[in-house]
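Listed below are the residues making up each chain.
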Amino acid sequence: MRVHVVSDVHGRADALARAGDGADALICLGDLILFVDYDDHAQGIFADLFGAEKAREFIALRTAKRFDEARAMSARLWSTLDGDPREHIERNVRAQYAALFGAMPTPAYLTYGNVDLPRLWADYLRPGHQVLDGEVAEIGGLRFGFVGGGLKTPYRTPHELTDEEYAAKVEAVGEVDVLCCHIPPALPELLYDVVARRFERGSEATLEAIRRTQPRYALFGHVHNPLHRRARVGRTECVNVGHFRGKGVPYVLEW
């Protein structure tokens, strides 16, 4: 059995269309849309609406953790557009989802990232796409558990959950062979992004579940340029499957 795993697609519909080549199934761990691109300031919804220079300024403020200034700048820019800012965002998100789900191979098992808008997914799913969140699927005789979304942060991305909400989904999954999450377990070496030069939030509930149930693998994304891509917790191999927007190549799992 061969499964390809991707995370942090962020608009790469071109590479996503090829991500299932040679695999029995695709797993996608979320973050499909691209709102701002920290590597190319001309890409993403923010740049499409306000230009690359404004995107650069916005990213610089967020990188410096000047969140109040970033929000004030964003509010000023949104006020220059006609209508409700949420309508502009949703229109652009829908355009990205149409392209991404149109390119998504089948069969595919998906869960949400922290920058996704789950309420829109049902409008674009095709036969052979299965969304799981706090749920389990059997793939090739193994039990795969899925936990989507992220935890609350100062970045206020669209799909952030409280620690209690997130822990409840981890608990609902229970014992599995492969645990698939968008965010990593709370191991510092897996949370530090060497390019952004900051720690992302990881899940203590996921780490506790790994220690207690010892799945074969714990797969995740979220940290685009991690200090370490892999770590062992008992018998569990914890693996960051990679920043798919940057790499364009899936992680391969075979058994």
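Look above for the structure.
## Structural notes on the overall build of the protein
Reasoning step 1: Looking only at helices and strands, the protein has ten helices and 15 strands in total.
Reasoning step 2: Taken across its 255 residues, the protein has 53% of its residues classed as buried.
Reasoning step 3: Considering only contacts in the protein between residues 6 or more positions apart, those separated by 24 or more positions represent 58%.
Reasoning step 4: Carbon and sulfur atoms make up 49% of the accessible area of the protein, which totals about 11400 Å².
Reasoning step 5: Each charge class in the protein was averaged separately, 31 positive and 36 negative side chains, and the resulting centres sit 3 Å apart.

## Considerations on the packing of aromatic side chains
Reasoning step 1: Going through the model one piece at a time under the given rule, you end up with twelve aromatic pairs.
Reasoning step 2: The interplanar angle of 85° and the centroid separation of 4.9 Å between the aromatic rings of phenylalanine 67 and tyrosine 155 together place this pair among those described as edge-to-face. On the criterion of sequence distance, the pair formed by phenylalanine 67 in helix 4 (residues 67-78) and tyrosine 155 in the loop between strand 7 (150-151) and strand 8 (160-161) is long-range, its members being 88 residues apart. Both residues of the pair, phenylalanine 67 and tyrosine 155, count as buried.
Reasoning step 3: Among the aromatic side chains, those forming a connected cluster through ring pairs are Phe35, Phe46, Phe50, Phe58 and Trp78.

## Some points on the sheet that holds strand 15 (residues 251-254)
Reasoning step 1: Sheet architecture is open: five strands sit in the order 4-3-2-1-15, paired in mixed fashion. Looking at which strands have only one partner, the edges of the open sheet turn out to be strand 4 (129-131) and strand 15. For this sheet, the mean angle separating the axes of adjacent strands, direction not counted, is 25°.
Reasoning step 2: Both strand 1 (residues 2-6) and strand 15 contribute to a ladder of four bridges, which runs antiparallel. In the sheet register, histidine 4 faces strand 15, and the bridge partner there is valine 252.

## Considerations on helix 7 (residues 163-173)
Reasoning step 1: Among all positions of helix 7, only Tyr166, Lys169, Val170 and Val173 are buried. With its buried residues spanning 100° around the axis, helix 7 presents them on a single face. Facing away from the buried surface of helix 7 by more than 90 degrees, the exposed residues are Glu164, Glu171 and Ala172.
Reasoning step 2: Buried positions along helix 7 lie against strand 5 (135-139), strand 6 (142-147), strand 7, strand 8, strand 9 (178-181) and helix 9 (204-213).

## Points about helix 5 (residues 85-103)
In an α-helix there are 3.6 residues to a turn, and that puts residues three or four apart on one side.
Reasoning step 1: The end-to-end C-alpha distance of helix 5 is 28 Å, a good match for the 27 Å that 19 residues give at a rise of 1.5 Å each.
Reasoning step 2: Of all the residues in helix 5, the buried ones are His88, Asn92, Val93, Gln96, Tyr97, Leu100, Phe101 and Ala103.
Reasoning step 3: Contacts from the buried residues of helix 5 go to helix 1 (13-16), helix 2 (45-50), helix 4, strand 3 (108-110), helix 6 (118-121) and strand 4.

## Here's the deal with the nonpolar core
Reasoning step 1: The biggest cluster of nonpolar side chains holds 26 residues, and the ones touching the most others in it are Val6, Val9, Leu16, Leu32, Tyr97, Phe101 and Met104.
Reasoning step 2: Mapped onto this core, the elements with two or more residues apiece are helix 1, strand 2 (25-28), helix 5, strand 3 and helix 6.
Reasoning step 3: For this core, the leading source of residues is helix 5, giving five residues.

## Describing a nonpolar patch on the surface
Reasoning step 1: Where nonpolar side chains cluster on the molecular surface, the patch consists of Val194, Val195 and Leu227 and spans about 260 Å² of accessible area.
Reasoning step 2: With respect to the helices, strands and loops of the structure, valine 195 is situated in the loop between strand 10 (192-193) and strand 11 (198-199).

## Quick look at the state of the cysteines
Reasoning step 1: Within this structure, the stated rule accounts for zero disulfides.
Reasoning step 2: No disulfide involves cysteine 28; its sulfur sits 11 Å from the nearest other cysteine sulfur, which is in cysteine 180.
Reasoning step 3: Unpaired in terms of disulfides, cysteine 238 finds its nearest cysteine sulfur in cysteine 181, a separation of 9.7 Å.

Cut-offs used in this document
Residues numbered from 1 in each chain as written. Predicted model: local features only at pLDDT ≥ 70, side-chain atom pairs only at ≥ 80, totals over all residues. Heavy atoms only, no water. Helix = DSSP H or I, 4+ residues; strand = E, 2+ residues; numbered from the N terminus. Buried < 20%, exposed > 50% of the residue type's maximum accessible area, 1.4 Å probe, protein only. Contact = heavy atoms within 4.5 Å. Areas by Shrake-Rupley, 256 points an atom, 1.4 Å probe, with all protein chains shown as cover. Lys, Arg positive; Asp, Glu negative; His and termini not counted. Charge placed at Lys NZ, Arg CZ, Asp CG, Glu CD. Phe/Tyr/Trp six-rings, centres within 6.5 Å; stacked < 30°, edge-to-face > 60°. Pairing = 2+ DSSP bridges. Axes fitted to C-alpha atoms, helices over the stretch in contact; angles between N-to-C directions. Arc of directions from axis to C-beta. Expected span 1.5 Å × (residues − 1). Core = buried A, V, L, I, M, F, W, Y, C linked by side-chain atoms within 4.5 Å. Patch = residues over 30% accessible without salt bridge, like charges linked within 9 Å, V, L, I, M, F, W, Y side chains within 5 Å. Salt bridge = Lys/Arg side-chain N within 4 Å of Asp/Glu carboxyl O. Disulfide = S-S within 2.5 Å.

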